[in-house]
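# What the coordinates show
Residues per chain are reported as follows:
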Amino acid sequence: MEQFIKYFANQFDDTDITEFKSETNFRDLEEWSSLTALAILNMMEKKYNVTIKADEMKKANTIQELFNLLQSKM
Amino acid sequence: MIMNNPFSLNNKTILVTGASSGIGRSIAITCSQMGAKVIITGRNEKRLNQTYIDLEGSGHEKVIADLTNFSQLKDMVEQLPKLDGVVGNAGIVKSLITQASEPKDVDDIFRINTFAPIYLIQFLLQTKKLNKNASIVFISSISGVYCGAIGGSLYGSTKAAIDGFSKALALELAPRGIRVNTINPGMVDTGIFDNTSLSKEQFYEDMKNYPLKRYGKPEDVTYATIYLLSDAAEWVTGTSLLIDGGYTLI
């Protein structure tokens, strides 16, 4: 999970690393956009070899929920 | 009164790559309906057979081939009859932001979208398979040529490369009356996007950006292809035909 948060945070340029916690609602982040969403999807594909569609990703709001979704597909 | 239809493809033999689904399937079937003898290629045997069954008339051929295997591509070309038309349609879409792209991604998408059609034409010319006055049509895109899209840097560059290729090729083949054109569609609903990471909601949102209020249908691209393959387009070469429901107007 710690590693996942690091990868997640790495997709952002202006958001401070301390803002990324498992309970963080990433959709509330100022830097969140369709571009960062695609960056996260690409990251999960590259780092975990799991393809998640944007529709599925909608179910997740916090980093933890997204991680759970990822794990359910691994 | 019997009128000679300038859009007819009677007595023409036309190769359509990537004919097992989507735009390629639509083009192949309509070419057969317009009187052409069609040779279709695809990777998926089952789906290619379905297209083959749906072709009208007789004398058609199907070839299961992976065009990214260039020696296989060369073998396939050697088996072909003389052609009056080539539709370079086979291609893939990948939604990938630039910094996430790995060498394999770059290689994969360029192999199928750019290198395979270039080698296809090379081999066709080397084996003298193109008849005089033949027509070559590449299915390109608005992406990379008329506009860009987030996650589309690789896809767009493969298509821009094809547009560049076709312009010089058009000049080289003009002495033999062979014409080379591209069709540059906006988003066409073919199921190919089921494999992308975009959501349905994003698609509906995106659809609002099209002044004509919908995505393209395969037929929109097919009818333009028929035109460019036919003698009606006898004086048209080196063009990139924009078909996008007005998307790039705004």
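Residues numbered from 1 in each chain as written. Chains lettered and ligands numbered in written order. Predicted model: local features only at pLDDT ≥ 70, side-chain atom pairs only at ≥ 80, totals over all residues. Heavy atoms only, no water.

### Details of the overall build of chain A
Rules: Strands here are runs of E lasting at least two residues and helices are runs of H or I lasting at least four, both read from the DSSP assignment and numbered beginning at the N terminus. Under the scheme applied here, a residue whose accessible area is under 20% of the maximum for its type counts as buried, over 50% as exposed, and between as partly exposed, the area being computed with a 1.4 Å probe on protein chains only. Any two residues whose heavy atoms approach within 4.5 Å are treated as being in contact. A residue counts as positive if it is Lys or Arg and as negative if it is Asp or Glu; His and the chain ends are not included. We put the charge of a Lys on NZ, of an Arg on CZ, of an Asp on CG and of a Glu on CD.
Each helix and strand in chain A was counted, giving four helices and zero strands. Ordering the α and β elements of chain A from the N terminus gives α-α-α-α. Each principal axis of the C-alpha atoms in chain A carries an extent, and together these give about 30 × 25 × 20 Å. For chain A, with 74 residues in total, the buried portion stands at 47%. In chain A, once contacts between residues fewer than 6 apart in sequence are set aside, the share between residues at least 24 apart is 55%. Side chains of chain A give 9 positive and 13 negative charges; the mean places of these two sets differ by 10 Å.

### Considering the overall build of chain B
Quick note on the threshold: Radius of gyration here uses only the C-alpha atoms, and the compact-globule reference equals 2.2 Å multiplied by the residue count raised to the power 0.38. The accessible surface values rely on the Shrake-Rupley method and a 1.4 Å probe; as for residues, cover is taken only from the protein chains in view.
Tallying secondary structure elements over chain B gives seven helices and seven strands in all. When the elements of chain B are put in sequence order from the N terminus, they spell out β-α-β-α-β-α-β-α-β-α-β-α-α-β. Its C-alpha atoms give chain B a radius of gyration of 17 Å, within 12% of the compact-globule value 18 Å for 250 residues. Dimensions of chain B along its principal axes, counting C-alpha atoms only, are 50 × 45 × 40 Å. Here chain B, with 250 residues, has 48% of them falling under the buried criterion. Summarising the internal contacts of chain B: among those between residues at least 6 apart in sequence, 72% fall at separations of at least 24. Accessible area for chain B stands at about 12000 Å²; split by element, carbon and sulfur atoms hold 53% of it. Here chain B holds 24 positive side-chain charges and 24 negative ones, and the gap between their average locations is 4 Å.

### Details of the interface of chain A and chain B
The condition is simple: The buried area of a pairing is the accessible area, by a 1.4 Å probe, that goes missing from both parts when the two are put together, added over both. Think of a salt bridge as a Lys or Arg side-chain nitrogen and an Asp or Glu carboxyl oxygen that are within 4 Å of each other. Polar contacts, as used here, are pairs of N or O atoms within 3.5 Å; protein pairs need one atom able to donate a hydrogen and one able to accept it. Residues neighboring in sequence count only if both atoms are side-chain atoms.
Opposite the 13 residues of chain A that make contact, chain B presents 17 residues. In this assembly, chain A packs against chain B so that about 1200 Å² is buried in total across both faces, 55% of it on carbon and sulfur atoms. At the boundary of chain A with chain B, the tally comes to three salt bridges. Taken together, the links from chain A to chain B amount to five residue pairs in polar contact (both at pLDDT 80 or more). Counting only elements with at least two residues in the side of chain A that touches chain B, the list comes to helix 2 (34-48) and helix 3 (54-57) of chain A. Broken down by element, the residue count for the side of chain A that touches chain B peaks at eight residues, all from helix 2 of chain A.

### Focus: the sheet that holds strand 5 (residues 130-139) of chain B
Residue and element names in this part refer to chain B. Keep this limit in mind: Only when DSSP finds a minimum of two bridges between them are two strands counted as paired. To get an axis, a line is fitted to the C-alpha atoms, and for a helix only the part in contact is used. The angle between two axes follows their N-to-C directions and goes from 0 to 180 degrees.
In spatial order, the strands read 3-2-1-4-5-6-7; together these seven strands make up an open sheet with parallel pairing. The outermost strands of the open sheet, each flanked by one partner alone, are strand 3 (61-64) and strand 7 (240-243). Here the average twist between neighbouring strands, direction ignored, is 15°. Looking at chain direction, strand 2 (residues 37-42) and strand 3 are connected through four bridges and run parallel. Its bridge partner lying in strand 3, Ile40 is registered against Lys62. Contacting strand 5, strand 6 (179-185) and strand 7, helix 5 (residues 153-173) crosses the sheet at an angle of about 160° to strand 6.

### Focus on the side chain of A:Thr36
Residue and element names in this part refer to chain A. With respect to the helices and strands, Thr36 occurs in helix 2. A distance of 2.7 Å separates the side chain of Thr36 from the backbone nitrogen of Ser33, its partner in a polar contact. Other than its neighbours up to four places away in sequence, Thr36 contacts Gln11, Phe12 and Glu31.

### Focus on the nonpolar core
Most often, soluble globular proteins have nonpolar side chains that are buried together. Residues and elements named next belong to chain B. The line we're drawing: Side-chain atoms within 4.5 Å are what join buried Ala, Val, Leu, Ile, Met, Phe, Trp, Tyr and Cys residues into a set we call a nonpolar core.
Counting residues in each nonpolar core, the largest one holds 28 residues, and the members touching the most others are Val86, Leu124 and Ile136. For this core, the secondary-structure elements that each account for two or more residues are helix 3 (70-79), strand 4 (83-88), helix 4 (103-126), strand 5 and helix 5. Considering every element that reaches this core, the biggest residue donor is helix 4, with six residues. If sequence neighbours within four positions are ignored, Ile136 has contacts with Val86, Ile121, Leu130, Leu169, Leu173, Ile178, Arg179, Val180 and Asn181.

### Focus on the confidence of the model for chain B
Rules: Each residue carries a pLDDT score, the predictor's own confidence in it, on a scale running from 0 to 100.
With 96% of its residues at a pLDDT of at least 70, chain B reaches an overall mean of 94. Overall fold confidence for the complex sits at a pTM of 0.91, while the interface term, ipTM, reaches 0.80.

### Some remarks on a positive patch on the surface
Applicable threshold: Residues with no salt bridge and a relative accessible area higher than 30% make up the patches, which join like charges within 9 Å and nonpolar side chains (Val, Leu, Ile, Met, Phe, Trp, Tyr) within 5 Å.
A surface patch of like charges, here positive, comprises B:Lys82, B:Lys128, B:Lys132 and B:Arg176. Inspection of the secondary structure puts B:Lys132 in strand 5.

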